[in-house]
Amino acid sequence: MLVAPFEIELIERELPAPSSSQVLLRVDQCGVCASEIDVWTGKEPEELPAAIGHEAAGIVERVGDDVRGIQPGDHVAVWVDGGGFADRLLVEERFCIPVAADAPYPAVAEPLSCIVNAVELAAPRLGDDVVIVGAGYMGNLLQLVAALKGPRTITVADVRPDALARAERLGATRVIDTSQASLADAVRDVSDGGGADVSFEVTGAGAGLQVAAEATRMSGKLCIVGYHQGGARTIQLGRWNWMAFEIVNAHFRELETIMRGMRAGMRLVSAGVLDPSGLVTDAFPLGRVADAFHAATEKRNGFVKALVEPAADSPRG
Ligand SMILES: [Zn+2]
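Residues numbered from 1 in each chain as written. Predicted model: local features only at pLDDT ≥ 70, side-chain atom pairs only at ≥ 80, totals over all residues. Heavy atoms only, no water.

Chemist: Whenever I open this one, the pattern of salt bridges confuses me. Can you help?
Modeler: Inspection of the entire model under this criterion finds 14 salt bridges. Arg94 is paired through a salt bridge with Glu92; the nearest N and O atoms lie 3.9 Å apart. When its relative accessible area of 57% is taken as the criterion, Arg94 is described as exposed. Residue classification places Glu92 among the partly exposed residues on the basis of a relative accessible area of 22%. (Salt bridge = Lys/Arg side-chain N within 4 Å of Asp/Glu carboxyl O. Buried < 20%, exposed > 50% of the residue type's maximum accessible area, 1.4 Å probe, protein only.)

Structural data, given as structure tokens:
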């Protein structure tokens, strides 16, 4: 439980039996999400104590009487709105997605769902020139998924050298440090002069929106994937309007859409078509959730994603 900003407490609770439609899970992994950092620091006030952690996956221990599609021993990724930083978790069966037992990073399911749905909605076509602004965890994940759509080029922009080096290792056609060079010029070079067919903004910052828009061709798609928390953003709406951009808001609130994205993403992961496991740079046992948040907040050079792995230190094993 997050009991106060920067303060996590492990609380022992009696384990309830699953209801007829629920599944009891032994949590294997739960990722620390960037959207939780403002809750952790108190910048985004939330009622405390709060059970946080919504990127969970684990192994089924028990199932309710009416559960038909899942059995004890199955590996699943789940959709939950909190409580993932725990050794056990109760989830409705309909929010469980099967994953391969040997998938190294099953907890990717929830963030991957956002990315799968973003790519599906923006729908880059075969041979498109694609731009991704922001090469953090979500930008990297987007790059891996967008590559499956068969673009001609993927140009990735960021200002952090370690992030750009990683994007290059993940197969970017070109990487641009926007503190040193113009993304729009670079994209014009590779795109026969017009600009990107589809640009994804994955920074959550106004500057990222602007850079992405400048690199997009007339009538191209500008897809907002970044999480724009906090104050207002200033955009060049006159130009966006004139350029006839198709503005795609890649945020999803319908549970059905989220579950569909999880299912599609985890089919790819379970089959080995998509391997995001290289993005996990930090793993902590349940007793060190606070350290996982410190790592995700400090973002040292090379940091991408922190996981909590409760099974590693569970007293009940
Ligand atoms: Zn998340």
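So much for the structure itself; the text now carries on.
Chemist: How do you make sense of the coordination of the zinc ion when you look at a structure like this?
Modeler: In an ideal octahedron of six donors the angles at the metal are 90 or 180 degrees, and in an ideal tetrahedron of four donors they are 109.5 degrees. For the zinc ion, the full set of protein donor atoms is Cys33 (SG), His54 (NE2), Glu55 (OE) and Glu110 (OE), at a range of 2.2 to 2.8 Å. Considering all four donor atoms around the zinc ion, the spread of angles at the metal, 84 to 168°, places the coordination shape in the irregular class. Site description for the zinc ion: donor spacing in sequence, C-x20-H-E-x54-E. Of this pair, Cys33 sits in the loop between β3 (22-31) and α1 (37-41) while Glu55 sits in strand β4 (residues 55-63); the two residues are 22 residues apart in sequence, bridging distant segments of the chain. For Cys33, a relative accessible area of 14% puts it in the buried group. Relative accessible area serves as the criterion here: at 1%, Glu55 is assigned to the buried category. (Donors = N, O, S within 2.8 Å, 3.2 Å for Na, K, Ca; no water. Tetrahedral: all angles 85-135°; square planar, octahedral: opposite > 155°, others 65-115°. Helix = DSSP H or I, 4+ residues; strand = E, 2+ residues; numbered from the N terminus.)

Chemist: Could you clarify how one ought to interpret the side chain of Lys221 in this entry?
Modeler: In this fold, Lys221 is placed in strand β12 (residues 216-224). Among buried charged residues, Lys221 stands out as having no salt bridge; its nearest opposite-charge side chain is Glu246, 4.4 Å away. Reaching out from Lys221, the side chain makes a polar contact with the backbone oxygen of Ala122 at a distance of 2.8 Å. Sequence-distant contacts of Lys221, defined by excluding residues within four places in its chain, comprise Ala122, Ala123, Asp197, Val198, Ser199, Thr216 and Glu246. (Lys, Arg positive; Asp, Glu negative; His and termini not counted. Polar contact = N/O pair within 3.5 Å; in protein donor to acceptor, adjacent residues only side chain to side chain. Contact = heavy atoms within 4.5 Å.)

As far as function goes, none of this settles anything; it's purely spatial.
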